Amino acid sequence: MVTTKASLMSQTQPTTMMDESIPTTQTTEVVHTPVATPSASDKAARLNAPTIIDINNVDFYYGQSKALHGINFPIKEKLVTAFIGPSGCGKSTLLRCLNRMNDLVDGTRIGAGSIKISGVDIYDPSVDVIELRKRVGMVFQKSNPFPKSIYENIVYGLRLQGINNKGRLDETVERSLRGAALWEEVRDRLHTSALGLSGGQQQRLCIARAIAVEPEIILMDEPCSALDPIATVKVEELIHQLKQDYTIVIVTHNMQQAGRCSDITAFFYMGRLIEIDATEKIFTNPTQKQTEDYISGRFG
Amino acid sequence: MTARTHPFQRKTTVASYREAGVFWALRAFTYIILGFGVIIFSTIIYKGSPAVFGSERIDGTFPFLHNDFLFTKPQTLHVFKYKGEIKQMSAADYYTFVGQSPDASTPPPANPLTASPPSPVLSTTGINSSDITDHETYSYAAGGIWPQIVGTILLVIGSMAIALVLGIFSAIYLSEYSKQGPLISAIRLAIINLAGVPSIVFGLFGVGLFVLAFGWNISLMAGWFTLAFMVLPVIITASEESLRAVPKGFREGSLALGATKWQTVYLNVLPYALPGILTSSVLGIARVAGETAPILFTAAYATSDKLPWDLNISPDRLHSGFLGYLEYPFAWLHDFAFHGVNALPYHIYVVSSKIPQNEYTERVQYGTAFVFLLVVMMIALASVLLRIRLRSRLKW
Ligand SMILES: Nc1ncnc2c1ncn2[C@@H]1O[C@H](COP(=O)(O)OP(=O)(O)OP(=O)(O)O)[C@@H](O)[C@H]1O
Ligand SMILES: [Mg+2]
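Parameters and conventions
- Residues numbered from 1 in each chain as written.
- Chains lettered and ligands numbered in written order.
- Predicted model: local features only at pLDDT ≥ 70, side-chain atom pairs only at ≥ 80, totals over all residues.
- Heavy atoms only, no water.
- Near = heavy atom within 4 Å.
- Polar contact = N/O pair within 3.5 Å; in protein donor to acceptor, adjacent residues only side chain to side chain.
- Areas by Shrake-Rupley, 256 points an atom, 1.4 Å probe, with all protein chains shown as cover.
- Nonpolar A, V, L, I, M, F, W, Y, C, P; charged D, E, K, R; others polar.
- Salt bridge = Lys/Arg side-chain N within 4 Å of Asp/Glu carboxyl O.
- Buried < 20%, exposed > 50% of the residue type's maximum accessible area, 1.4 Å probe, protein only.
- Contact = heavy atoms within 4.5 Å.
- Buried area = accessible area lost by both parts, 1.4 Å probe.
- Core = buried A, V, L, I, M, F, W, Y, C linked by side-chain atoms within 4.5 Å.
- Helix = DSSP H or I, 4+ residues; strand = E, 2+ residues; numbered from the N terminus.
- Axes fitted to C-alpha atoms, helices over the stretch in contact; angles between N-to-C directions.
- Parallel < 35°, antiparallel > 145°, perpendicular 65-115°, else oblique.
- Left-handed = near helix turned anticlockwise from the far one by under 90°.

A. Structural view of the site of ligand 1. Residue and element names in this part refer to chain A. Around ligand 1 lies a shell formed by Tyr62, Ala67, Ser87, Gly88, Cys89, Gly90, Lys91, Ser92, Thr93, Val105, Glu222 and His253. Backbone polar atom of Gly88 to an oxygen atom of ligand 1: 2.8 Å apart, as the coordinates give it. At 2.5 Å from an oxygen atom of ligand 1 is found a side-chain nitrogen or oxygen belonging to His253. Protein contact buries 59% of the 630 Å² of open area that ligand 1 shows by itself. Across the shell around ligand 1, the residue classes break down as four nonpolar, six polar and two charged.

B. Inspection of the pattern of salt bridges at higher detail. All names here are of chain A. Under the defined criterion, the tally for this structure stands at 24 salt bridges over all chains. Residue Arg178 pairs with Glu184 through a salt bridge whose shortest N-O separation is 3.6 Å. The class of Arg178 is partly exposed, set by a relative accessible area of 40%. According to the relative accessible area criterion, Glu184 is exposed, its value standing at 54%.

C. Summary view of the interface of chain A and chain B. Between chain A and chain B, the contact holds 23 residues from the first and 21 residues from the second. The junction of chain A with chain B conceals about 1,800 Å² of combined surface from both sides, 62% of it contributed by carbon and sulfur atoms. When the buried surface of chain A facing chain B is broken down by residue, Pro147(A), Tyr156(A) and Leu160(A) rank first, second and third, together holding 30% of it. At the junction of chain A with chain B, the criterion picks out six residue pairs in polar contact (both at pLDDT 80 or more).

D. Seen up close, the nonpolar core. Leu155(B), Ile295(B) and Val371(B) are the most contacted members of the largest nonpolar core, which totals 60 residues. Ranked by the residues each element gives to this core, the list is headed by helix α7 (residues 220-245) of chain B, at nine residues. Judged by nonpolar contacts, the second largest core, of 47 residues, contains Ala82(A), Ala180(A), Ala194(A) and Met220(A).

E. Structural detail: the packing of helix α6 (residues 199-213) of chain B against α7(B). Residues and elements named next belong to chain B. At a minimum axis separation of 9 Å, α6 and α7 run at an interaxial angle of 135 degrees. Here α6 lies oblique to α7, going by the angle between them. Along this stretch, α6 crosses α7, giving a crossing that reads as right-handed. Note on element contacts: α7 touches α6 through Ala222, Phe225, Thr226, Phe229 and Met230, opposite Ser199, Phe202, Gly203, Phe205, Gly206, Phe210 and Val211. Here the residues of the contact of α6 with α7 sort into eight nonpolar, four polar and no charged.

Distances and angles like these do not, on their own, reveal function.
Below, the structure is given as structure tokens:
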């Protein structure tokens, strides 16, 4: 964390253009250790990092019932933002708004407000949802490898785009699997079924599949909820590593996990954003009583 | 009253008698049904198998198969006494026997089902027609059922192909594309109810629409579409079920990677639904192969024993020269699609209702039923094997 401070502080541009490729110029070492009590200036840096997703007074409806009430906050670039809150408070709903996955559910709509990614309103009629989803990848709560080989799972997104060049596919498979810390485990069985992997490996495969199409943002909806502690640690380490290159939004029910791997935490309650702040601030000294109650386990 | 030895001591009460009574009643009903099933099947097998595996096989043919029955056309059976001895002969054999050309003098009665036998004339083989007494003829009772087998297979293949394409497409629309609402629910309900409509109604619908309105006459084409519409409800319902059984995660995972709707359906949903769709289609196949009513007025002629390769394209219809060669396949396809056929269930209906039931006609009656059972069983077996193969490749 400490090592990225300078670069984050120096960035003052509020947004980047969407079609900019992912910069890989960071020279810093990956920090695998959980976030240790950072300095005050680091916190400030995080809160002042450039905004990539701007959520603007969003009301969201499932048919007649309002699931989100005036959600309003920015998501910062190349940081991990955690959504926490009791079950049914709208974390998944908000997350799925960010790549318009809610379009799949009949009768859903954004009643008011807007969501801008790199300055573009993603619910504007001119937006191509397919392009949006290539930029905003998603990892689901229940790992969902396709019943194909490991290799075909990874290259699925590329094949969709008509890329069938063997060299390019091979290269992507290795890069993505390395990126998802899975390469060493599966390099000898790339062409066997992905369903033969363990639950934790399957989830990392899904992460690898998501980064294979080189998104800018990765949304994760409780990615570790079905995993054992060791697999969870692996995914968390992976998240640490990925945030060098990607903006990550993660929904979790696990307070320790939010504490360990996120930079910024947003607490939701009953479809409303209650509080958003640097993670350690939320966990040590929240401003809102509700947040404190939730974190200390008094409800939720 | 005997002393209880432990708290769970078994007691004989009214309830325990009722339990036993219910058990035995249920058991008895099941076994009675089973008994009827066994009787029906064993009668067909016992009486029908000699026609196929009989000892009357022709020398030089595949062992134990009475190829005559499977691979020749039906003929009229002539039964008569010759010098006091009862003889059974197919029409062809009979005319050879009496030394008469059936075509030259009196053609064998084709359609008039109980026609009077041809008047005996003195023959070249020296058979005196006055030696032939008690001459009776039974239509279709001699020869084989090859055109019926071919007709059934053609009807099944064509109508299932049409029904699968239409059914899978509309199932994809209903379950993947359409917004779930009252209109779609109504359509779905209508489709489900269509499955309960008696097949004769589909037959009449086929006559009205395909045979008369479209002017297709009684033809393979009209039969295909009538049968296809009859099984469509089954196929649509089964396909929708199979599509729904594909986990939602496959669709979401695919869409989240930037797939279009059709890419998702085509690459990541349909392949995993196909085994289920094909399995459920077995039901449809059995129904298509087995129904008489829909083809009664749309596709089947009792007398049609024309095989597709017997079609005769008269040269007058074609241009002369090279153009004629180009035209030929189209003319052939046209005639193929628009010629009437015969089919096993229809043949069973004809031979069991239109000709007398006796020892001479049993062969064709039960033989056809037996072959029909075999055909349906083979189709079902093939589909099950196909499913097992597909299923072992695609598992989640
Ligand atoms: N498809 C849907 N149709 C109608 N209402 C829905 C649908 N999905 C979610 N909701 C409602 O929206 C609200 C928010 O649900 P959401 O799934 O976002 O909660 P969540 O915070 O992710 O909960 P959890 O932690 O249990 O996953 C809930 O009240 C839920 O009942
Ligand atoms: Mg959720």
